[in-house]
Amino acid sequence: DEVNDEASFWQFIRQQFIPLTFSDRQEYEPVLDLAVDWESGVVKYGAKANTIYELNEMSVVWHPRYIGDSKTNILLGNVRLRQLRMRNKTDCIIGEVFQQVTNECFGPFSADKQSRKSYDERWTPTQVEHCYTWHPSNITDQVDVYGSGGLYPGDGFVMDVPLSLAEADSQLSDLQTWHWIDQATRAVIVELNTLNPNVNMITNIRLLFEFLPSGQIRATTNVFAFRTIWLSLSVMMDDDLPLFVYHVAIVALFSVWSSYVFWTIKKTGPLTWFSYMWNVVDLAGILLFATLCIIRVVTFVSAGQEPTMQPELAAVTELFVPYSKLVPDLQRADDVMAFLGLFCWLKAFKYFSLSHFFGPLVRVTERGLQQLAKFGTLLCSLFLGFAICLHIGFGAQVETYDTLGGSFLALFFMLSGSVDLGVLFDTHNALATALFAIYVVLIYFVLFNLFMAVILDVHMLVQIEQAGSGQGAKAGEARKNPMLLFLFTYWHKLKGIVLIGNEPEAAVGFPDEQFINLNLLPGIVRGRLMQKIDNAIGTLEELEGPAAAVRQGGQLQTVETLKQKWWSGEGEGEEYVSRVQLQRCLDQDADLRELLGMERAIDVIRRFRVDQGPDPYDQISRLQDAVFSKLDLLEKDDGVKFEEAETLKMVAVGLSEALTDVQNAWREELTNCLESAATLSEGLIQLTKRLERVQLNFNKIESDVSNQYGK
């Protein structure tokens, strides 16, 4: 914050920053006597190169280079300064009126228009002469840095801080005297790396000083810390072997999970599988983990191929270690891991839906995501319009709105009251008042209420659906947890006990009592069953298509054929309903159970089914034939007269006709009785509903009168 011009920059570097790198000692001996030849970019060995691990008269004592008084952070390698410059008269135009005043102008930084020209003066000291020569990123060993003035690439004009405090101050003084920083300078990046052995953390620190065209200097600190385990796999005996085993176990578990997910995709089909939201969450987690593994492998390979990152060179203080090359991959790995953790926790909601307490909330989340996506699009479009207005109107006066992105984010934080609006109103601009009033009306009064309406609407729909689905179920069955039922059933299966189909024998009945003709049931029962069959056929057609095959009556028929058969009335009198279907209808419809006065389907079948034995007319005809044949035999006998046989014949015919009339009358009366009972039941239902309506209207009238005239 203290750096606001060139003089304060040099004061900070020379008097504050550089002395911190020599906290423990004023000078450090070079270990390998290595130096960078800036003309070729090659690291060359000095006279002491043979003393790395030899004990002789030329050996040096190595001292860790601590930063700070606590001696907890050790400087790894050297400190490097890098400058980026712009060419003259690029992205700027000098007016004709002022061309006599100056002929130099330097616009905002642009990587393709940066200056690569050496600018050292004639009498520049030799020890800093190389600092005025441009070098590409493969020589500087540095990466891109993002700033408010643009993207600064890894190339530029480089200086490595010497291992002596006096020599470092001398070179920095020469750079200041011989104008290493001038009006063409657009950025200076100071980079160093530290190690905290107590927690095995390496920290890459990059100080960015942006020299903006307006003359302002903006300082930014980029700090990224990572654990040393991400530089190589822990496979050696002296490494953290439990951590390596943990990594292997995690990869194995994710591999098994991935195999299961892809097997379910193949089994159910991609379209059906992706239609369920939580399956997409599972697949996203697998893809994120695969991406994380790839990034980790790339990081291991990059660290292994970098010569200065090898373990044997970790103590060499005269070389710059480019840990910043690993920062982008490590940052991406952290980002992916953050999203992976989020998706793994979101996966837990998939199983919360099995709970009666969390289930409705999960269903609300599933249903509301689509509506909230539309709402978010509307909100972002409005915020973008407000952001453009704030940036244009107040970007030059208020720092918060000097960029479009900053204005957009400020609008979100304004909702929580964390943005200082006093700075906006201090501009004494009527636009601020107008914008704030419009913002409050649209966001607080309209969009907030719209958001609550969306959530409440979805929540109400979920509650209505759950109430409808559990209306006909028994109280005990409605409270059963699906997961507990599964575990209970699976445990009994392991013990060899099959729970499916274990109904009492009294509720199952005999084999000939498992079906009943629909026309034998009362009209209200038949209507309810027909409605459920129609709904089932419609749902099946919607999910599987009209060509799907369904087994009906022991034969495979298409959904389209069933629909035409049921809805056109074709085959009337031939359709049967099973006991299981009738029992399911009774379980789901409490009104039907109350009207019939029965809860078991077998009782309904026994009450309304008519045994279909041999035709009585055929039986009587055969009996008459037998009687007549016997009479013929008797006529041939002298002891029997014809008059007596004729009398018996008349008696048999009369008896047959009487029995037929009685049976027909009995059938007709029974049918009328059943139809009357069905009509009476439907009438009672309508009467009950209308009485409820009358009661509701009466309560409403009573409430309105009480509210209007008081109690």
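Refer to the structure above for everything that follows.
All values derive from a computational prediction rather than experimental measurement. (Residues numbered from 1 in each chain as written. Predicted model: local features only at pLDDT ≥ 70, side-chain atom pairs only at ≥ 80, totals over all residues. Heavy atoms only, no water.)

A. Main features of the overall build of the chain. Each helix and strand in the chain was counted, giving 21 helices and 15 strands. Taking all 711 residues of the chain together, 33% fall into the buried category. Sequence separation of 24 or more characterises 64% of the internal contacts of the chain that already satisfy a separation of 6 or more. Carbon and sulfur atoms make up 60% of the accessible area of the chain, which amounts to about 43900 Å² in all. (Helix = DSSP H or I, 4+ residues; strand = E, 2+ residues; numbered from the N terminus. Buried < 20%, exposed > 50% of the residue type's maximum accessible area, 1.4 Å probe, protein only. Contact = heavy atoms within 4.5 Å. Areas by Shrake-Rupley, 256 points an atom, 1.4 Å probe, with all protein chains shown as cover.)

B. Representation of empty space enclosed by the protein in the model. Across all of its chains, the model carries three cavities of 30 Å³ or more by this definition. Roughly 70 Å³ of volume is contained in the largest cavity. In this structure, the largest cavity is lined by Phe386, Leu390, Leu411, Met414, Leu424, Leu435, Phe436 and Tyr439. Sorting elements by how many residues they give to the lining of the largest cavity places helix H11 (residues 430-469) first, with three residues. Residues belonging to the lining of the largest cavity are distributed by class as follows: eight nonpolar, no polar and no charged. (1 Å grid on protein atoms, 1.4 Å probe; cavity = no way out; pocket = protein on both sides within 12 Å on 5 of 7 lines; lining within 4 Å. Points joined across faces, edges and corners; volume = space filled by probe spheres on them. Nonpolar A, V, L, I, M, F, W, Y, C, P; charged D, E, K, R; others polar.)

C. Molecular detail of the pattern of salt bridges. The tally for this structure, following the rule as stated, stands at nine salt bridges. Here Lys325 makes a salt bridge to Asp141, at a shortest N to O gap of 2.9 Å. With Lys325 in the loop between helix H6 (277-305) and helix H7 (327-352) and Asp141 in the loop between helix H2 (137-140) and strand S6 (145-147), the pair connects residues that are 184 residues apart, well separated along the chain. Relative accessible area serves as the criterion here: at 32%, Lys325 is assigned to the partly exposed category. In this structure Asp141 comes out as buried when scored by relative accessible area, which is 17%. In this structure, the salt-bridge partner of Arg600 is Asp603, at a minimum N-O distance of 3.1 Å. (Salt bridge = Lys/Arg side-chain N within 4 Å of Asp/Glu carboxyl O.)

D. Structural context of the packing of aromatic side chains. In this structure the tally under the stated criterion is 24 aromatic pairs. Plain terms: the ring middles of Phe383 and Phe408 are 6.4 Å apart, the flat faces sit at 80° to each other, and that makes the pair edge-to-face. Taken together, the positions of Phe383 in helix H8 (residues 359-394) and Phe408 in helix H9 (residues 404-415) put the pair 25 residues apart, joining distant regions of the chain. Among the aromatic side chains, those forming a connected cluster through ring pairs are Phe9, Trp10, Phe12, Phe17, Trp180, Phe209 and Phe211. Of note, Arg65 hangs over the ring of Phe22, and the distance from its end group to the ring centre comes to 4.6 Å. The side chain of Arg85 reaches across the aromatic face of Tyr119, ending 3.6 Å from its centre. (Phe/Tyr/Trp six-rings, centres within 6.5 Å; stacked < 30°, edge-to-face > 60°. Lys NZ or Arg CZ within 6 Å of the ring centre and 35° of its normal.)

E. A look at the pairing of strand S9 (residues 185-196). Within S9, eleven of the twelve residues are buried, which leaves the element mostly enclosed by the surrounding structure. Two strands pair when backbone bridges link them, and strand S4 (residues 73-85) and S9 are joined in this way by nine bridges, in the antiparallel orientation. Directly across from Leu84, in S9, lies its bridge partner Ala187. Bridge count between S9 and strand S10 (residues 201-211): ten bridges; the pairing is antiparallel. The residue of S10 that forms the bridge with Leu195 is Ile202. Counting the residues in the hairpin turn of S9 and S10 gives four residues, including Asn200, whose phi is positive at 55°. (Pairing = 2+ DSSP bridges.)

F. Seen up close, the nonpolar core. Phe9, Ile18, Leu175 and Trp180 are the most contacted members of the largest nonpolar core, which has 35 residues in total. Elements represented by at least two residues in this core include exactly helix H1 (6-20), S4, strand S8 (156-160), helix H3 (165-177), S9 and S10. Sorting elements by how many residues they give to this core places H1 first, with five residues. If near-sequence neighbours (up to four positions away) are discounted, Phe9 is found in contact with Val3, Ile181, Val188, Phe209 and Phe211. Judged by nonpolar contacts, the second largest core, of 20 residues, contains Leu379, Leu390, Ile443 and Leu447. (Core = buried A, V, L, I, M, F, W, Y, C linked by side-chain atoms within 4.5 Å.)

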